[in-house]
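# Coordinate inspection notes
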Amino acid sequence: MLHKKTFLCASFTVALWAGTTVVAQADVVTSIKPLGFIASAIADGVTKTEVLLPDGASAHDYALKPGDIIKLKNSELVVWVGPEMEAFMQKPVAQQAGDKNIALSTLAAVKPLLMKGDDDDDHDHEQGHSEEAHHDKNGDDDHHHGEYNMHIWLSPEISRLAAVAIHDKLVELMPKNKAKLDANLQQFEAELARTDKQIADELSPVKTKGYFVFHDAYGYFEKQYGLTSLGHFTVNPEIQPGAQRLHNIRTELVEQKAVCVFAEPQFRPAVVEAVARGTGVRIGTLDPLGSGIALGKDSYMQFLTHLSHQYTSCLKGD
Ligand SMILES: [Zn+2]
């Protein structure tokens, strides 16, 4: 189903051929992959979904490439968390004509479900230079210093609301596909309820096991399943944890309050290994962005299930 915009896009792409990679047309474009999981389930059989950030990229410091700007311009719908998470999306989305984006964290249904973020960000005062000065200098408005935890795609409840919002918007944009979109949403909700129950069962035996995560991203998932997070190394993965925090974490590890520390595929800092060394505490990995999982009908369920396996495989031990 080609509409005329596809031809414009094709010629535009050819014109840029020498400088950029070929850009495929997608009607739905999401900033990060887990949002692509949700969108591709709803848009399945109706339209294509594409994700801007490649696997391994950090949502914390991504810089849009020329090809990304073209994808955003040519899309029918852009789905993102909101300005407190993907600051790099603000400008291109503002330049879009019409009401063609969904900033999930700003939806009326989502707002009451937002969790407060931990914004203490290692205020241990053990260092001479202050972080505030550092931030002022950068003019860096990164999401971890907002009032709320913006890792909302780790909440099954908010993700269901995201699916509903994407569905409603696509029905508005493509009314002749309403029946298929309705069916997709229904299936998503049913699968999500089933997956949520499965994960609750899987995590139930490890609920009391303490652990540390690398960065403060998992609050929604931990709350949903009653996990015992003892803390995080850093609020902002771009900022190394301070010496006092590392000392405190190590003390808790030595006192065996924790059984695991979790690194992330996007961030594998040596500090995590250094802190765990000699304590007998296991090092696991949590992937909050679902790298390696392909978009599709069941991809969001695969993502949550994989994350659950990552928790249990480290926490249950032998
Ligand atoms: Zn984060």
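Quick caveat, the model's predicted, so the values are computed rather than measured.

### Thoughts on the side chain of Glu50
Relative to the helices and strands, Glu50 is located in strand β2 (residues 49-51). For Glu50, a relative accessible area of 18% puts it in the buried group. Among the polar contacts listed, one links the side chain of Glu50 to the side chain of Lys71, at a separation of 3.0 Å.

### Digging into the packing of aromatic side chains
Taken as a whole and assessed by the stated rule, the structure comprises 11 aromatic pairs. A ring pair is formed by Phe37 and Phe303, whose centres lie 5.6 Å apart and whose planes are at 45°; its orientation type is tilted. Of the two residues, Phe37 sits in helix α2 (residues 33-43) while Phe303 sits in helix α11 (residues 299-315), which places them 266 residues apart along the sequence. With respect to burial, Phe37 and Phe303 carry one shared label: buried. On the numbers, 5.4 Å between centres and 65° between planes, the contact of Phe262 with Tyr311 is edge-to-face. Of the two residues, Phe262 sits in strand β7 (residues 260-263) while Tyr311 sits in helix α11, which places them 49 residues apart along the sequence. Accessibility expressed as a relative area gives 0% for Phe262, which makes it buried. Overall, the relative accessible area of 0% leaves Tyr311 in the buried class.

### Focus on the sheet that holds strand β3 (residues 77-80)
Pairing between the strands of a sheet comes from backbone hydrogen bonds, and it takes one of two forms, parallel or antiparallel. Sheet architecture is open: 4 strands sit in the order β2-β1-β3-β4, paired in parallel fashion. Whereas interior strands pair on both sides, the edge strands pair on one side only; in this sheet they are β2 and β4 (101-103). The average angle at which neighbouring strand axes cross in this sheet is 20°, direction not considered. Across 3 bridges, strand β1 (residues 28-30) lies against β3 in parallel orientation. Following the sheet pairing, Val29 is matched in β3 by Val78.

### Quick look at the pairing of strand β6 (residues 228-234)
Sheet topology places strand β5 (residues 210-215) next to β6; 5 bridges connect them, and they run parallel. Looking across to β6, one finds that Val213 is bridged to His232. Between the parallel pair β5 and β6, the chain is carried across by helix α8 (residues 219-225), and the sense of this crossover is right-handed.

### A closer look at the nonpolar core
Judged by nonpolar contacts, the single largest core of 73 residues is most densely connected at Phe221 and Tyr311. Looking at this core, you find at least three residues from each of domain 1 (2-110 + 151-195) and domain 2 (203-315). In this structure, Tyr311 is in contact with Leu203, Tyr211, Tyr218, Phe221, Glu222, Leu227, Phe262 and Leu286, ignoring residues within four places of it in sequence. With 15 residues, the next largest nonpolar core counts Ala263, Val272, Val275 and Val281 among its residues.

### Concerning the state of the cysteines
Using the criterion set out here, one finds 1 disulfide in the structure. A sulfur-sulfur distance of 2.1 Å marks the disulfide that ties Cys260 to Cys314. When the S-S torsion is -115°, as for the bridge of Cys260 with Cys314, the disulfide is left-handed. Within this pair, whereas Cys260 is found in strand β7, its partner Cys314 is found in helix α11, the two being separated by 54 residues in sequence.

About the thresholds
- Residues numbered from 1 in each chain as written.
- Predicted model: local features only at pLDDT ≥ 70, side-chain atom pairs only at ≥ 80, totals over all residues.
- Heavy atoms only, no water.
- Helix = DSSP H or I, 4+ residues; strand = E, 2+ residues; numbered from the N terminus.
- Buried < 20%, exposed > 50% of the residue type's maximum accessible area, 1.4 Å probe, protein only.
- Polar contact = N/O pair within 3.5 Å; in protein donor to acceptor, adjacent residues only side chain to side chain.
- Phe/Tyr/Trp six-rings, centres within 6.5 Å; stacked < 30°, edge-to-face > 60°.
- Pairing = 2+ DSSP bridges.
- Axes fitted to C-alpha atoms, helices over the stretch in contact; angles between N-to-C directions.
- Right-handed = clockwise from strand over helix to strand, strands pointing away.
- Core = buried A, V, L, I, M, F, W, Y, C linked by side-chain atoms within 4.5 Å.
- Domains from an automatic or database assignment.
- Contact = heavy atoms within 4.5 Å.
- Disulfide = S-S within 2.5 Å.

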